[in-house]
Amino acid sequence: MKRILPITNAVIAVVSGLIVLFGYFFPGLLSGIQSVLISWAIIIAAFALLVGVFNLVMVHWKKTGTEGSNSIYSIVLLISLFITIIVAGLSGPTGSWTLWIFNNFQVPIEVSLLAVLAIVLLYAGARLLSRKPKWYTILFLITVLLVLVGSAPLFLAGESAPLSALRIWLSQVPAIAGARGLLLGVALGTVATGIRILIGIDRPYGG
Amino acid sequence: MTDIICPLCGKPNPEELDECQYCQAPLKVAGFIASPEDQEDFSQIFPPSPDQAGEEDQDTQPEPPPPSEQSIPDWLKQTEASFLKPSELEPEELSSEQLSEQIDALINLPSTPAEPQKSAIDDEWLTSLLSEAGAIESIPEGEVLLERAVETGEETSTPAGEETTQEEEEPPAVPAERPAWLTNLEASSNIKLDGGMQPSEVPEPEEQEASVEETDVPGASEHVEIPDWISKVSFEEVPPEPKEPEPPIEPAEIPGWLEALRPSEEATPTAPVEDVSAADVVTAGPLVGLRGVISAHPSAIQARKPPTYSIKLRVTEEQRARVQMMEELLAEEQKPKPPTSKRIITSQNIFRLAIALVLILPIVWMIIAKSQQSPLPQPGNYPGVIDFFQQVQQLPAGAPVLVAFDYEPGFSGEMNSAVSTLLSQLMAKNTYLTLVTTAPSGVALAESLVKDAGTGLAGSLSSYPYYTDLGYLPGGTMGLLGLASSPKTVLPYSLEGIDVWASAPLNTVSSVTDFGAVIVITDDPDTARAWIEQVGPVLRAEDGPILMVTSSQAEPLIRPYYEASPSQVQGMVAGLAGGQAYSRAVGRQPQNGVWDAFSMGVTVSILIILIGGIISMVFMLQASARKRED
């Protein structure tokens, strides 16, 4: 059984992948099977989300009894989770109470986290030269300053045409070049990974 | 040169000695090694062949004792005499009961043919001694019997077996004389032997043989002269019964397991005796005098006193100092350290607070004051904004538009400006908004933004009615692929549980190509790439466009798709600056002071980095100068 099960998994995965792949080349022939397989994958992914929520509850439920003083965070999480589930269940996912919780808790918290991130990055940039700066440290700092100057007009100084042109050049030439190289690498990696999975070398599903 | 081992003390003696030099015990008589003289005597006693023995028997007459008796040593004769004396003295001391038993034994004497065998048995003690000496090996058993016959004066020329068969049929030829002790005994007893016993009372020969075998009377096995009156009575009156021929004995059937246990005939021959004549003789210990053995003398394993080594460690003063230092370090490690008190007010915390205040206070002031000092960005300076505006503007009125809200609420400050302008433009054209999301929090975000945009549209108090929310789309890229090929199958119902695909205007939509446009609002470049790669191939040039509203961090990765030829993204708005440019293109001038706050924040950030960098450089140079001075 230990030998048969991995082989069965590999066969199922390879056949499913080949059907979906050839569905692009022969849409009239394999589109039906392709749609069924995709629907199954979507349902399994939705169920995985529920499993993830259940796992989150179990982990923090165990932490409430073992973490001591830090268990307060787990307790807060569990209480918030159950309250949100109850409210969303009663008023619906787009109900007024649900939107009130969303607009007054989730949005400010996440925005605050990004605001704190902005302050921390600024602090780090100010102290960047305090510890034996290298040449690439100085280069990084100059690039940051140029992008900031070009991203918005300086207050009371207006938009500087040379700085705007420099900012546009930075965002269209070096940044785009790097992005294109990154995308090409991602594409090649995706193709290689897909081929390895289709021929059964990589088995992320186990076996 | 061979040593003789004394049979008593076990010590070796030279072969020329006749007695043990340690305990004076005779050596050569014991038979360990026979001397040549003894071997000659044995050869005289036992003739080399039976023929010669037969010739000697014919010439033998009653003469002085045979040579064998002469060769027997005195101590052996004494030993033999000690065995014979009790039987000779016994008649004088016997009681009446013992006498009757002895008479019965005499009556039940075995037949004469068994006598040679008994004689041979009686001589076993002597035969064993001779065999130990090695002289008996060459003498066959018949010759021994023949010699015994010579001693007893009988003339025997036939083999023992043949003679036995003859004398079973004939009575003994030589009548035995009645001894004097038996005559006296007969006179004193009331049993008259001469004719006193009836022939019928005489036991049969077979019973006699059985009784002889069962009876173990001393002296019964010896040769006894049987009176003629006993032999006549027993064998003349009772003729022997004819014996029936016994059937031949059939060979028994041996079972397989017993056959398997039978030792194989090809037994391993005995290993040849090792010649140890050249080996050394053990001179001490319990095995003294033996050759070819391992000496058990304890000298080989004698314990020695082990050498003594000094346990004092030789170390130098430097090594001793290092050891002491190591001990001190280890002792300090074991001491519990007092907990360090965390100071809240430190230079770093003060610097962080200063940066936060310098950054936050101007921004808050700009928003509160709703400042409009900074000019809005020009749409032409941001690629994709004008194309985005034109694609939305070209949508037919009432056309279904698929809008994906795939960004996190944390990016609301950056994204909401462009999203609000987009929703206002779409609502102005009365397009049917079909909302979908691949982020779990996108449902509430989309609903909230649509309601806000609809409430503020043209001063209406009610929300925008022409939209539907299909909710969360699980599965990531697989979900997007399913949505592109068959949105009805993947998302059959709205959040309210209504089959929106059965009513207008979505009843005309069978695939994603039937939408007027696909607008993706995302902050994640991977999500944007998944939409472009999964949904984009389904859309043809004549179908609806893909439009992107992204954050500034995703712009570098989305722009290659926009600048490709043919472009895979027909329009894009990136970041807060792109949103402000798009708003300017639409004709909406937001009066909320966000752009001035952003401008202020960027300016303050540049100043903080410059000032902080300069101060850090100064402190670093001072520190390096101090190090050089030190």
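## Quick look at the overall build of chain B
Move 1: For chain B, the count of helices and strands is 24 helices and 8 strands.
Move 2: Counting across all 630 residues of chain B, residues that qualify as buried make up 27%.
Move 3: Within chain B, contacts between residues separated by at least 24 positions form 71% of all contacts whose residues are at least 6 apart in sequence.

## A word on the overall build of chain A
Move 1: Secondary structure assignment for chain A yields 7 helices and 0 strands.
Move 2: The order of α-helices and β-strands along chain A, N terminus first, is α-α-α-α-α-α-α.
Move 3: Within chain A, counting contacts between residues at least 6 apart in sequence, those at least 24 apart form 27% of the total.

## Here's the deal with the interface of chain A and chain B
Buried accessible area, meaning the area lost when the parts come together, often serves as the stated size of an interface.
Move 1: Counting residues at the interface gives 48 residues for chain A and 52 residues for chain B.
Move 2: Those elements that place two or more of their residues in the side of chain A that touches chain B are helix 2 (27-66), helix 4 (96-126), helix 5 (135-151), helix 6 (161-172) and helix 7 (174-198) of chain A.
Move 3: Among the elements that take part in the side of chain A that touches chain B, helix 4 of chain A stands out by supplying 15 residues, more than any other.
Move 4: Here the residues of the side of chain A that touches chain B sort into 33 nonpolar, 11 polar and 4 charged.

## Remarks on the pairing of strand 7 (residues 546-550) of chain B
In regular strands, side chains alternate between the two faces of the sheet.
All names here are of chain B.
Move 1: Counting buried residues along strand 7, 5 of its 5 residues qualify, which places the element largely inside the surrounding structure.
Move 2: Of the two faces of strand 7, the one carrying Ile546, Met548 and Thr550 and the one carrying Leu547 and Val549 are both buried.
Move 3: The pairing of strand 6 (residues 517-522) with strand 7 spans 5 bridges and is parallel. Each residue of the ladder has a partner; that of Val518, found in strand 7, is Ile546.

## What to know about the environment of A:Asn9
Move 1: Summarising the element assignment, A:Asn9 is placed in helix 1 (residues 4-25).
Move 2: Note: C-alpha distance between A:Asn9 and A:Tyr205 (196 residues apart in sequence) is 7.5 Å.

## Some words on the nonpolar core
Move 1: Counting 85 residues, the largest nonpolar core has B:Val401, B:Val518 and B:Ile519 as the members making the most contacts within it.
Move 2: Those residues in contact with B:Val401, other than ones at most four positions away along the chain, are B:Leu395, B:Leu426, B:Thr431, B:Tyr432, B:Leu433, B:Thr434, B:Phe515, B:Gly516, B:Ala517 and B:Ile519.
Move 3: Core analysis: the second largest hydrophobic core is formed by 6 residues, A:Tyr123, A:Ala126, B:Leu359 and B:Ile609 among them.

## Remarks on the sheet that holds strand 3 (residues 400-406) of chain B
Residues and elements named next belong to chain B.
Move 1: As summarised here, the arrangement of the 6 strands in space is 5-4-3-6-7-8, forming an open sheet in which the pairing is parallel. Edge positions in the open sheet fall to strand 5 (467-472) and strand 8 (571-574), since each of these has one partner strand only. Strand-to-strand twist across the sheet, computed as the mean angle between neighbouring axes with direction ignored, equals 15°.
Move 2: With 4 bridges connecting them, strand 4 (residues 432-437) and strand 5 associate as parallel partners. Within the sheet, the bridge partner assigned to Leu435 lies in strand 5 and is Asp469.
Move 3: In the packing of helix 17 (residues 412-428) onto the sheet, the strands contacted are strand 3, strand 4, strand 6, strand 7 and strand 8, and the crossing angle to strand 7 comes to about 145°.
Move 4: Most of the contacts of helix 21 (residues 525-535) go to strand 6, to which it runs at about 160°, and overall it touches strand 3, strand 6 and strand 7.

## Quick look at the confidence of the model for chain B
Should the pLDDT be low somewhere, the predicted coordinates at that spot are not to be read in detail.
All names here are of chain B.
Move 1: The predicted model of chain B averages 73 in pLDDT, with 61% of residues at 70 or higher.
Move 2: Within the model, pLDDT remains below 50 along residues 135-147, and this stretch shows 26 contacts once partners closer than five positions in the same chain are excluded.
Move 3: Confidence over residues 149-174 falls short of pLDDT 50; this stretch has 32 contacts with residues more than four positions distant or in other chains.
Move 4: Both scores are available for the predicted complex, with the pTM at 0.58 and the ipTM at 0.85.

## As for helix 16 (residues 385-393) of chain B
Residues and elements named next belong to chain B.
Move 1: Residues of helix 16 that are buried: Val385, Phe388, Phe389 and Val392. The buried residues of helix 16 occupy an angular sector of 95° when projected down its axis, which confines them to one face.
Move 2: Buried-residue contacts for helix 16 involve helix 17, strand 7, strand 8 and helix 23 (575-586).

## Observations regarding the environment of A:Ala10
All names here are of chain A.
Move 1: Structurally, Ala10 can be placed in helix 1.
Move 2: On the basis of neighbour counts, which here come to 18 C-beta atoms within 10 Å, the residue Ala10 falls in the partly exposed class.
Move 3: Sequence separation of Ala10 and Gly200 is 190 residues, and the distance between their C-alpha atoms is 6.2 Å.

## Considering the environment of B:Val518
Residue and element names in this part refer to chain B.
Move 1: With respect to the element layout, Val518 can be found in strand 6.
Move 2: Separated by 21 residues in the primary sequence, Val518 and Leu539 place their C-alpha atoms 9.5 Å from one another.
Move 3: The contact partners of Val518, leaving out residues within four places of it in the chain, are Leu402, Val512, Val535, Leu539, Gly544 and Ile546.

## Section: the packing of helix 21 of chain B against helix 22 (residues 555-563) of chain B
Residue and element names in this part refer to chain B.
Move 1: Contact geometry for helix 21 and helix 22: axes closest at 9 Å, N-to-C directions at 20°. In terms of axis orientation, helix 21 runs roughly parallel to helix 22. For the pair helix 21 and helix 22, the crossing hand works out as left-handed. Facing helix 21, whose interface residues are Pro525, Ala528, Arg529 and Ile532, helix 22 presents Leu557, Ile558 and Tyr561.

## Re unusual backbone geometry
Move 1: Put simply, B:Ser565 and B:Pro566 share a cis peptide bond, and its omega is 0°.
Move 2: Mapped onto the fold, B:Pro566 is located in the loop between helix 22 and strand 8.

## Some remarks on the packing of helix 16 of chain B against helix 23 of chain B
All names here are of chain B.
Move 1: Between helix 16 and helix 23, the least distance of the axes is 9 Å, while the angle of their chain directions is 45°. Here helix 16 lies oblique to helix 23, going by the angle between them. Handedness of the crossing formed by helix 16 with helix 23: right-handed. Of helix 23, the residues touching helix 16 (which contributes Val385, Ile386, Phe388 and Phe389) are Gly578, Ala581, Tyr582, Ala585 and Val586.
Move 2: Its residues placed into classes, the contact of helix 16 with helix 23 shows 8 nonpolar, 1 polar and no charged.

## Some thoughts on the pairing of strand 4 of chain B
Residues and elements named next belong to chain B.
Move 1: Within strand 4, 6 of the 6 residues are buried, which leaves it mostly tucked inside the rest of the structure.
Move 2: Pairing of strand 3 with strand 4 involves 5 bridges; the strand directions are parallel. Following the sheet pairing, Val401 is matched in strand 4 by Leu433.
Move 3: Between strand 3 and its parallel partner strand 4, the chain crosses via helix 17, and the hand of that crossover is right-handed.

Criteria and thresholds
Residues numbered from 1 in each chain as written. Chains lettered and ligands numbered in written order. Predicted model: local features only at pLDDT ≥ 70, side-chain atom pairs only at ≥ 80, totals over all residues. Helix = DSSP H or I, 4+ residues; strand = E, 2+ residues; numbered from the N terminus. Buried ≥ 20, exposed ≤ 12 C-beta atoms within 10 Å, placed from the backbone. Contact = placed C-beta atoms within 7 Å. Nonpolar A, V, L, I, M, F, W, Y, C, P; charged D, E, K, R; others polar. Pairing = 2+ DSSP bridges. Core = buried A, V, L, I, M, F, W, Y, C linked by C-beta atoms within 7 Å. Axes fitted to C-alpha atoms, helices over the stretch in contact; angles between N-to-C directions. pLDDT = per-residue confidence, 0-100. Arc of directions from axis to C-beta. Parallel < 35°, antiparallel > 145°, perpendicular 65-115°, else oblique. Left-handed = near helix turned anticlockwise from the far one by under 90°. Right-handed = clockwise from strand over helix to strand, strands pointing away.

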